[in-house]
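A structural walkthrough
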Amino acid sequence: MDDGEPEHEPRTLAEKIEYLICNAFPPDEAPWGDRSSDRAVAAAINGYHRREVISHVTLGKVRSGTIAANTGEPYVPGQPIIDAVAEFFDVDPLFFEPQHEVVKRVFESLNFLRAVHRGDVQGLAGRGVTSGLSAELLAYLNEVAAELSDDSPQS
């Protein structure tokens, strides 16, 4: 395309990383210079954080979509690496999540908050704990809250 926009929205982690590498900085202002090698991009990310947060090997696995032997799925680094890369590129870490995971997390968070507002869950609402909980944990908490409300005496 002529306007610099991608032909399609990046969907995989590899596409999202590549999109950011190609588009996050104005032309000729990328902190890794002209050559966006795995080593140069990892060095820029690590330099930003003033410590090693990602190796060029890990970045290479992510960029290439290398299949992890233990899962049969594309390699995904741990959440601390995702968070550090997101901070470097100034994007929300949710940018790297598959869309269905983001939807699931929002759905479960809303269900959890609804349970808190109904009084089914107490003592957590004011602490903002829902932001760091996985969709699976929120789903479990929602199930527990539903069971507790089903077991409570009706007035």
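That block above? That's the structure.
Quick summary incoming for the structure in this document. Since the model is a prediction, treat every value here as computed from it, not as a measurement. (Residues numbered from 1 in each chain as written. Predicted model: local features only at pLDDT ≥ 70, side-chain atom pairs only at ≥ 80, totals over all residues. Heavy atoms only, no water.)

**Comments concerning the overall build of the chain**
Tallying secondary structure elements over the chain gives 6 helices and 0 strands in all. Reading the chain from its N end, one meets helices and strands in the order α-α-α-α-α-α. Residues counted as buried form 31% of the 155 residues belonging to the chain. Of all intrachain contacts in the chain linking residues separated by at least 6 positions in sequence, the fraction that spans at least 24 positions is 50%. Of the roughly 10,300 Å² of accessible surface on the chain, 52% is carried by carbon and sulfur atoms. (Helix = DSSP H or I, 4+ residues; strand = E, 2+ residues; numbered from the N terminus. Buried < 20%, exposed > 50% of the residue type's maximum accessible area, 1.4 Å probe, protein only. Contact = heavy atoms within 4.5 Å. Areas by Shrake-Rupley, 256 points an atom, 1.4 Å probe, with all protein chains shown as cover.)

**Re the layout of surface pockets**
Taken as a whole, the largest pocket encloses approximately 400 Å³ of empty space. Forming the walls of the largest pocket are 22 residues, and the residues nearest its centre are Leu13, Pro74, Val76, Phe96 and Pro98. Counting residues per element, the lining of the largest pocket draws most heavily on helix 1 (residues 13-23), which supplies 3 residues. Among the residues forming the lining of the largest pocket, the class breakdown is 12 nonpolar, 6 polar and 4 charged. Here the second largest pocket defines a volume of roughly 190 Å³. (1 Å grid on protein atoms, 1.4 Å probe; cavity = no way out; pocket = protein on both sides within 12 Å on 5 of 7 lines; lining within 4 Å. Points joined across faces, edges and corners; volume = space filled by probe spheres on them. Nonpolar A, V, L, I, M, F, W, Y, C, P; charged D, E, K, R; others polar.)

**What about the packing of helix 2 (residues 38-49) against helix 4 (residues 79-89)?**
Here helix 2 crosses helix 4 at 85°, and the two axes come no closer than 10 Å. One way to sum up the angle between helix 2 and helix 4 is to call them roughly perpendicular. Of the residues in helix 4, those touching helix 2 at Ala44, Ile45, Tyr48 and His49 are Ala84, Val85, Glu87, Phe88 and Phe89. The class makeup of the residues in the contact of helix 2 with helix 4 is 7 nonpolar, 1 polar and 1 charged. (Axes fitted to C-alpha atoms, helices over the stretch in contact; angles between N-to-C directions. Parallel < 35°, antiparallel > 145°, perpendicular 65-115°, else oblique.)

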